[in-house]
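# Residue-level structural notes
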Amino acid sequence: MHTKMLLKSATALTGLALPLATFGPALAQDQVDLRMTIWSANEAHLAMFNEIADGFAELHPGVTVTFDSLPFDSYTTTLTTQIAGGNAPDLAWILETTAADFVNSGALAPLTETFAATEGYELEDVTEQATALWRADGELYAYPFSTSPFALFVNNDLITEAGAQTPAELIAAGEWNWDNAIDIAATVADTGANGLIVRDFNYQIWQNLASIWRGWGTDPWSEDGTTCTFADAEMVDAMSFIHAAIFETGAMPGPGENVDFFTGDAAMTITQISRASLLPQGDEAFDWDLVPLPSGPAGNYSVIGQAGIGAFGMGDNVDMAVEFLAYLSNPENSAKLAQFFPPARQSLLNAETLGTTNPLLSPQQLENVVVAGITNGVVLPGHAGFAEIQQVARAELDALWQADADVEAVLTSVCNRITPML
Amino acid sequence: MTVAAKSSSPPARKRPFWTMERRDSLAGYLFIAPQMIGITVFVLIPLGLVFWYSLHEWNVLAQTFRFQGLGNYQTLLSDPGLPQVLGATAIFSVGLVIFNMGLALLLAVLLDQKLKGITLYRTLFFSPVVVSLVAWTIVWGFLLQNNGGINALLATFGIEGPNWLRHPTTAMISVIVVQVFKNVGLNMVLFLAALQGVPRELYEAARVDGTPAFKQFTRITLPMISPTVLLTSIITIVGSLQVFAQIAVLTQGGPGMSTTVLVYYLYQQAFQFHKFGYGATLSILLFVVVAVLTFIQWQMRRKLVFYEN
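These figures come from a predicted structure and were not determined experimentally.

Right, let's get into the packing of helix H3 (residues 71–78) of chain B against helix H13 (residues 276–304) of chain B. Residue and element names in this part refer to chain B. Following both chains from N to C, one finds H3 and H13 inclined at 70°, their axes separated by 9 Å at the closest point. Considered as vectors, H3 and H13 are oriented roughly perpendicular to each other. Of the two elements, H3 crosses H13, and the hand of that crossing is right-handed. Across the interface between the two elements, Asn72, Tyr73, Thr75 and Leu76 of H3 pack against Gly277, Tyr278, Thr281, Leu282, Ile284 and Leu285 of H13.

In structure tokens form, the structure reads like this:
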């Protein structure tokens, strides 16, 4: 009797366990949780991303996408630490300066085939120029979702109070160049306010000075990235110009000084247009303008910052992550993203489309600064192993930010240090 | 004969296994077990792993993990940046130990007096210890910038202050001072406790003998509190070798590499430059430096530390 009972119980248990064993994993497989790291914690950005994720979940029941906001200052460090710890996200924003490391390492999943096969994606609308940084051997490894030109925000109140011509007046007269721009800054600085700020430079993030030195037609290394050009004559001229603006005319705040344009303390700042949201409103507001970068000895130019989104090839849900990226960057969602992140799609690059999502900027500003900037802009300098090159060059360039610096000697020493890394 | 032999050696009693001694031992092992498990899991295994990683080339992005034996240690020996890093670390540690312990001892002696409101002063000097390190450093960052509070204060006396965080010498001094003011309260409290344990009759006897105050300090106070001096010096030196947040927030290792200390360099190599294997090798170097310095200090106690018993 006892044995019979035992047999019965065992059979019943097996009957219960078998279906669970068969269908349990199947149910678990149907549920896919994607995680994407981003460097914004802006509520409006997150609301937009969540809205797009909800749309994707409707098309793919059982799929959820969560957005993990990491601090910008330590973004890449945190991301690589997550990867090292076996906790890599499925998708991630990637900075233009580290694009070469991520694209060439094989860490990212290829995208071209999925994008081309996605109905209505129109991959040909995303220009070759916009995707150049994110390709290797013709294959696309990340989507350039934000292509943001550098421009100058101007405080017309401070400039007119100082008795100088505004940039708009100089543009109208065809005299918008770096010599005149720095004269405006020096004139304002003489009144006790501050002249020109290269935002986020802080005498550390030297690559942001590309927004000035590209006017001299120069870069820190050759186009193929193998030769240091820091010590070339054009770069020496450009850096001497910046050095004089800091230590001779006082047109730029010196090292160790903390000044913010958006509090109304400076005449001009070079930054990306997405910073328009920082402009003060109400009683604190001032008469501001947005103008393109002045022309330099090498003529007109524009510089863009770019961020890509890639899907990691090492996760369990690579195909679904790539599919989500295709959905996120399709024409409809690219238009949504354009309200915060200037798009890489040609069809969206016009003042009319951008105007609906950037109400603070006039059609003229959008056309002259944003559309022209994206169309003609060259991305900030980047390189494989950029973090180390950046740090070593930063340490050498510290000698340049002294009043009595020998510009050419310092730049030669930068080249001596970084050449083995190129 | 046989019978006599049997009667002279009665059958040996089997000793019970579960003796009081064994029970006590088991209780002892059980008491230390949580700590031993914790040390094994969170200290010994990670230490072993760090050594294991130091024998590898680990490219996080490419997901490659290749054994390369002592390759990272050879890199360590030929690293051109390392002498400068070790120099900055030594300057920081020596500066911190001298300033921190000197100021802590001075404050402790002053606050050991019978003064009105002495508790308030003690609390005041101890309070930075409980403040968040990063918040403390950020505030000091604002104070030390060229157009910041310190230079504004100096300007009221007609003094033009230096650009504190932008010159190699003043940057290192700034980092040391920020760290000293942050933690001097801890050493001060330890010294204060030690000072209050010195028998008062020793001072009375010295006074009767006409011994001057400074001699009383060197001949009575210092020997009597020397065990505490040893403890605080070990804590301060080990702490100085592990400084990170102050450097990251205030100077990011600059200007040049003047404030790039070993832990910050390790962080850069591993987490910024993605050289995890070499970063692990640098952390082994740090471990060895800390272990050697602590051992030397411990050995010196026989000559320098006075124990009443």
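Okay, back to it.
What follows deals with the state of the cysteines. Residues and elements named next belong to chain A. Inspection of the entire model under this criterion finds 1 disulfide over all chains. A disulfide bridge connects Cys228 with Cys415, and the sulfur atoms are separated by 1.9 Å. Between Cys228 and Cys415 the disulfide shows an S-S torsion of about -90°. By sign, it is left-handed. Of this pair, Cys228 sits in the loop between helix H10 (210–213) and helix H11 (233–247) while Cys415 sits in helix H17 (residues 407–418); the two residues are 187 residues apart in sequence, bridging distant segments of the chain. Taken as a pair, Cys228 and Cys415 share a single burial class, namely buried.

Let's shift gears to the confidence of the model for chain B. All names here are of chain B. Per-residue pLDDT for chain B has a mean of 90; in total, 95% of the residues score no lower than 70. Scored below 50 in pLDDT, residues 1–5 makes 0 contacts in the model with residues more than four places away or belonging to other chains. Overall fold confidence for the complex sits at a pTM of 0.84, while the interface term, ipTM, reaches 0.81.

Quick look at the environment of Ser69 of chain A now. Residues and elements named next belong to chain A. Within the secondary structure layout, Ser69 lies in strand S2 (residues 63–69). Residue classification places Ser69 among the partly exposed residues on the basis of a relative accessible area of 30%. Spatially, the C-alpha atom of Ser69 lies 8.6 Å from that of Met36, the residues being 33 residues apart in sequence. Contacts of Ser69, omitting those with residues within four sequence positions, involve Ile38, Ser40, Ala41 and Leu46. Engagement of the side chain of Ser69 in a polar contact is seen with the backbone oxygen of Ser40, the distance being 2.8 Å.

Residues and elements named next belong to chain B. Running from N to C, helix H2 (residues 20–54) and H13 cross one another at 125°; their axes reach a closest spacing of 7 Å. With respect to their mutual orientation, H2 and H13 come out oblique. As H2 runs across H13, the sense of the crossing is left-handed. Where H2 approaches H13, its residues Leu47, Val50, Phe51, Tyr53 and Ser54 are matched on the opposing element by Gly277, Ala280, Thr281, Ser283, Ile284 and Phe287. Its residues placed into classes, the contact of H2 with H13 shows 7 nonpolar, 4 polar and no charged.

Another point: the UniProt feature "domain: ABC transmembrane type-1" (unreviewed entry) in chain B. Here, the residues flagged by UniProt with the feature "domain: ABC transmembrane type-1" (unreviewed entry) are residues 86–297 of chain B. Strand forms 0% of residues 86–297 of chain B and helix 76%; the C-alpha atoms that close the span are 20 Å apart.

What follows covers the environment of Val236 of chain A. Residue and element names in this part refer to chain A. Of note, Val236 is situated in helix H11. For Val236, a relative accessible area of 12% puts it in the buried group. C-alpha separation for the pair Val236 and Thr412, spaced 176 residues apart in sequence, amounts to 9.5 Å. When residues no more than four places from it in sequence are discounted, the contact partners of Val236 are Ala231, Val407, Glu408 and Leu411.

With that out of the way, let us pick up the pattern of salt bridges. Residues and elements named next belong to chain A. As enumerated under the stated definition, the model contains 12 salt bridges over all chains in all. For Asp68, the salt bridge goes to Arg35, with nearest N and O atoms at 2.8 Å. Linking Asp68 in strand S2 with Arg35 in strand S1 (residues 32–38), this pair joins segments that are 33 residues apart in sequence. When its relative accessible area of 23% is taken as the criterion, Asp68 is described as partly exposed. Exposure remark for Arg35: the relative accessible area of 18% places this residue in the buried category. A salt bridge links Glu396 to Arg417, with the shortest nitrogen-to-oxygen separation between them at 3.3 Å. Separated by 21 residues along the polypeptide, Glu396 in helix H16 (residues 386–397) and Arg417 in helix H17 bring together distant segments of the chain. By relative accessible area, Glu396 is classed as buried at 19%.

Our focus in this paragraph is the nonpolar core. Residues and elements named next belong to chain A. With 62 residues, the main nonpolar core has Ile212, Phe230, Met239 and Met268 as its most contacted residues. The element best represented in this core is H11, accounting for 8 residues. Beyond its immediate stretch of four places on either side in the chain, Ile212 contacts Trp178, Val198, Phe241, Ile242, Met252, Ile270 and Tyr301. Phe67, Ile94, Phe102 and Phe145 belong to the second-largest nonpolar core, a separate cluster that totals 61 residues.

What follows is about the pairing of strand S10 (residues 303–311) of chain A. All names here are of chain A. Burial within S10 is extensive, with 9 of its 9 residues counted as buried. Covered by surrounding structure in S10 are Val303, Gly305, Ala307, Ile309 and Ala311 together with Ile304, Gln306, Gly308 and Gly310, the residues of both alternating faces. Where strand S3 (residues 91–95) lies against S10, 5 bridges are found, and the strand directions are antiparallel. Looking at S10, one finds that Leu91 is bridged to Ala311. Here strand S6 (residues 143–155) pairs with S10 via 5 bridges, running antiparallel. Bridge pairing links Ser148 to Gly305 in S10. As paired elements, S10 and strand S11 (residues 378–379) share 2 bridges and run parallel to each other. Note that in S11 the partner of Ile304 across the bridge is Val379.

Moving on: the interface of chain A and chain B. Contact residues are listed per partner, giving 27 residues for chain A and 26 residues for chain B. Across the chain A/chain B interface, buried area totals approximately 2,200 Å², and carbon plus sulfur atoms make up 52% of it. In this structure, the connection of chain A to chain B is made through 2 salt bridges. The partner of Glu388 of chain A in a salt bridge is Lys275 of chain B, with the nearest N and O atoms 2.9 Å apart. Applying the counting rule to chain A against chain B returns 8 residue pairs in polar contact (both at pLDDT 80 or more). For the side of chain A that touches chain B, the secondary-structure elements that each account for two or more residues are helix H3 (75–84), helix H4 (99–105) and H16 of chain A. Tallying contributions element by element places H3 of chain A first for the side of chain A that touches chain B, with 6 residues. Class assignment for the residues of the side of chain A that touches chain B results in 11 nonpolar, 11 polar and 5 charged.

Conventions adopted
- Residues numbered from 1 in each chain as written.
- Chains lettered and ligands numbered in written order.
- Predicted model: local features only at pLDDT ≥ 70, side-chain atom pairs only at ≥ 80, totals over all residues.
- Heavy atoms only, no water.
- Axes fitted to C-alpha atoms, helices over the stretch in contact; angles between N-to-C directions.
- Helix = DSSP H or I, 4+ residues; strand = E, 2+ residues; numbered from the N terminus.
- Parallel < 35°, antiparallel > 145°, perpendicular 65-115°, else oblique.
- Left-handed = near helix turned anticlockwise from the far one by under 90°.
- Contact = heavy atoms within 4.5 Å.
- Disulfide = S-S within 2.5 Å.
- Buried < 20%, exposed > 50% of the residue type's maximum accessible area, 1.4 Å probe, protein only.
- pLDDT = per-residue confidence, 0-100.
- Polar contact = N/O pair within 3.5 Å; in protein donor to acceptor, adjacent residues only side chain to side chain.
- Nonpolar A, V, L, I, M, F, W, Y, C, P; charged D, E, K, R; others polar.
- UniProt positions renumbered as here; feature names shortened; annotations may be inferred.
- Salt bridge = Lys/Arg side-chain N within 4 Å of Asp/Glu carboxyl O.
- Core = buried A, V, L, I, M, F, W, Y, C linked by side-chain atoms within 4.5 Å.
- Pairing = 2+ DSSP bridges.
- Buried area = accessible area lost by both parts, 1.4 Å probe.

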